[in-house]
Amino acid sequence: MRKSYLKILGLASLLIIASCSLDDDRVNFQYTPLHITNASLPDTFELGRVYTVDVNILRPDDCTLLDQFDVRRSFTDSTQIRTVSAVGITLDKENCIEVNDELQDGFQFEVLYTKPYIFRFYTGDNTESEPEFLEIEVPVKE
């Protein structure tokens, strides 16, 4: 009885696995950088506090959605630099309607160092296809 049960279970498992078709392995979206139009930061940071950084983002069409922020860290001897990009998902659809909506979102930022922070927000590329940034410096008080 146990052998026939295992055979039936094995056959059922095989049928379930074989019935799943993954023929459509086409990617139906792509990641795209979104332009940041404005950012709101306090005049000064306090060491050890967590702040919400509010960011305005340009959504070019109804096929594009905001996914996340990419915050990259670098530094010099005197400053902490954070380069911020808004990452969107553009759906692979026909007939996307241009909307140029300005969305507002934000991310949490914890102040860990006493040196001033420079935030560089990606605003798009210039005519020579070089990235341009909105820079905001925020000193830290202890």
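First things first, this report covers the structure right here in the doc. For clarity, every value in this text was computed on a predicted model and none was experimentally measured.

Thresholds applied
- Residues numbered from 1 in each chain as written.
- Predicted model: local features only at pLDDT ≥ 70, side-chain atom pairs only at ≥ 80, totals over all residues.
- Heavy atoms only, no water.
- Salt bridge = Lys/Arg side-chain N within 4 Å of Asp/Glu carboxyl O.
- Helix = DSSP H or I, 4+ residues; strand = E, 2+ residues; numbered from the N terminus.
- Buried < 20%, exposed > 50% of the residue type's maximum accessible area, 1.4 Å probe, protein only.
- Contact = heavy atoms within 4.5 Å.
- Disulfide = S-S within 2.5 Å.

### Quick word on the pattern of salt bridges
Next, step 1: Taken as a whole and assessed by the stated rule, the structure comprises 4 salt bridges.
Next, step 2: Asp-101 serves as the salt-bridge partner of Arg-59, at 3.5 Å between the closest nitrogen and oxygen. Of this pair, Arg-59 sits in strand E3 (residues 50–61) while Asp-101 sits in strand E6 (residues 98–110); the two residues are 42 residues apart in sequence, bridging distant segments of the chain.
Next, step 3: Residue Arg-59 is classed as buried on the basis of its relative accessible area, which comes to 17%.
Next, step 4: Of the charged contacts, one joins Arg-72 and Asp-70 as a salt bridge, the two residues approaching to 2.8 Å between their closest N and O atoms.
Next, step 5: A residue is classified by how much of its surface remains accessible, and Asp-70, at 26% relative accessible area, is partly exposed.

### A look at the environment of Leu-103
Next, step 1: By secondary structure assignment, the location of Leu-103 is in strand E6.
Next, step 2: Once residues lying within four places of it in the same chain are set aside, the contact partners of Leu-103 are Val-55, Asn-56, Ile-57 and Arg-59.

### A word on the state of the cysteines
Next, step 1: Under the criterion given, the structure shown has 1 disulfide.
Next, step 2: Here Cys-63 connects covalently by a disulfide to Cys-96, the sulfurs 1.9 Å from one another. Residues Cys-63 and Cys-96 are joined through a disulfide that is left-handed, its torsion about the S-S bond being -100 degrees. Residue Cys-63 is found in the loop between E3 and strand E4 (64–75), and its partner Cys-96 is found in the loop between strand E5 (80–91) and E6; the two are separated by 33 residues along the sequence.
Next, step 3: Classification of Cys-63 by relative accessible area gives buried; the value is 0%.
Next, step 4: Since its relative accessible area comes to 32%, Cys-96 is described here as partly exposed.

### Focus: unusual backbone geometry
Next, step 1: Its identity as a non-glycine residue notwithstanding, Asn-95 has a phi of 60 degrees, on the positive side.
Next, step 2: Tracing the sequence through the fold places Asn-95 in the loop between E5 and E6.
Next, step 3: A residue is classified by how much of its surface remains accessible, and Asn-95, at 70% relative accessible area, is exposed.
Next, step 4: Positive phi, close to 45 degrees, is recorded for Asn-100, a residue that is not glycine.
Next, step 5: Secondary-structure assignment places Asn-100 in strand E6.

This is a description of form; function is not addressed.
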